[in-house]
Amino acid sequence: MDDNDLMTAVREPFAGILMTTPVESVVTRGRAVRRGRRRLRGLAAAAAAVTAGVVSVLIAVIPGGRTGAPVTLTAWTVVTEPNGTVAVSIHDLRDPLGLQHALRAHGVAAIVRFHRAGSLMPGCVIPGGSRLAQTYQRVFVQQPAGRPGGALLYIDPAAVPRAAEIGIDAARGSGFGIELLTRHGQCLPPSSPSSVRISPS
Amino acid sequence: MGPKQVDADFAEFYASARDDCLRAVIASTGDAAASEDLVAEAFARAWASWRKVGRHPAPRAWVVRTALNLRVSSWRRSRRTAALAGDDALGGADRTDPGPVDPEIMAALTALPERQRQVIALRIFLDLDTAGTAKALGIAPGTVTAHLARAVATLRAQFPPRPRQHSPAERQ
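Calculation rules
- Residues numbered from 1 in each chain as written.
- Chains lettered and ligands numbered in written order.
- Predicted model: local features only at pLDDT ≥ 70, side-chain atom pairs only at ≥ 80, totals over all residues.
- Helix = DSSP H or I, 4+ residues; strand = E, 2+ residues; numbered from the N terminus.
- Buried ≥ 20, exposed ≤ 12 C-beta atoms within 10 Å, placed from the backbone.
- Contact = placed C-beta atoms within 7 Å.
- Axes fitted to C-alpha atoms, helices over the stretch in contact; angles between N-to-C directions.
- Parallel < 35°, antiparallel > 145°, perpendicular 65-115°, else oblique.
- Left-handed = near helix turned anticlockwise from the far one by under 90°.
- Core = buried A, V, L, I, M, F, W, Y, C linked by C-beta atoms within 7 Å.

A. Focus on the overall build of chain B. The helix and strand inventory of chain B stands at nine helices and zero strands. Along the chain direction, N to C, the helices and strands of chain B fall in the order α-α-α-α-α-α-α-α-α. Considering chain B as a whole, with its 172 residues, one finds that 39% of them fall into the buried category. Across chain B, the fraction of contacts at a sequence separation of at least 24, relative to all contacts at a separation of at least 6, is 65%.

This is the structure:
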């Protein structure tokens, strides 16, 4: 038996098998399939629209849930927490003047400077245990527990000494320096080349 | 292409392809009872996507492949249902019913591994060449050749050559 004979031997017993379903039934079912697909596509589009809407509302509402009008840009975010602490997130070193104005709008007088990579300016000396160190601890409050991945800085505006302002220096790849400065941009005494540095988020 | 033209084209395709597609699916699955429903559903889906399927290089293969995929989906559903019901015996999707086909032929086909059966079915009933069979099943042409060779060898062993009938003229 060659291949053709074999194929014939297998094919022949099937010769009597005929499809009995009329084409009208198939087309009717096909219409139902098509309607189902359109309904699914509609549902998917509606779900996508609802998701987009919810995301937009969350973006708008979540910062607003805290007291104070949030200032949200892609580069940085400033939010006043219910306890009066100002939370600052910096995502990109852009628009330092805008951040400075936003901080002032939230009650924090500040000088913000973004530098070229590797050119972070030397900061102020804060002798350990000094009153100045205690002031720093009160002004730059620790990130609240249970809020990992939160803001980069938490500032208590009420703790900033009169006639002082916050200095924020940042350079790409060099971290951030935060200081308390006089209104003339000088370190609060005593001063020497050092800085309170925290790692960027 | 208007709706009437779609219906006319599809009706023509259905009339010419339905029996071969059904035979190919029965040969692939060994289940005549379930195959007609699978093929009818596959044709319904072909109608629903006729603008795409109508331009397919091998629309019959598309229908058979869809029917086989539907069987797999149905089998998975019944398997889940059986598992949820705590029933070890799987449902009808695992049973085979040769229907009107010669039980000896069907037994020989169902004894083949599934892929070999599918290759044989597409070659015999849809007249697909190696490349077409490979594309329809989503496997390499070399794999089709290997499956076909093994399937033919197995079937040949089960169907020994019959003594040739000589006509009176040949006997003289």
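B. Molecular detail of the interface of chain A and chain B. Taken together, the contacts link 23 residues of chain A with 29 residues of chain B. If one sorts the elements of the side of chain A that touches chain B by residue count, helix α2 (residues 23-64) of chain A sits on top with nine residues.

C. Structural detail: the packing of helix α1 (residues 3-29) of chain B against helix α6 (residues 114-125) of chain B. Residue and element names in this part refer to chain B. Closest axis-to-axis distance for the α1/α6 pair is 8 Å, and the angle between their directions is 160°. With respect to α6, the axis of α1 lies roughly antiparallel. α1 and α6 meet at a crossing whose hand is right-handed. Residues Asp20, Arg23, Ala24, Ala27 and Ser28 of α1 touch α6, and the partners they reach there are Arg117, Gln118, Ile120, Ala121, Leu122 and Phe125.

D. Representation of the nonpolar core in the model. With 55 residues, the main nonpolar core has Val25(B), Val39(B), Phe43(B), Val63(B) and Val64(B) as its most contacted residues. With sequence-adjacent residues up to four places away left out, Phe43(B) is seen in contact with Val26(A), Tyr14(B), Arg18(B) and Val63(B). Counting 25 residues, the second-largest nonpolar core is a separate cluster that includes Val139(A), Val160(A), Ala170(A) and Ile178(A).

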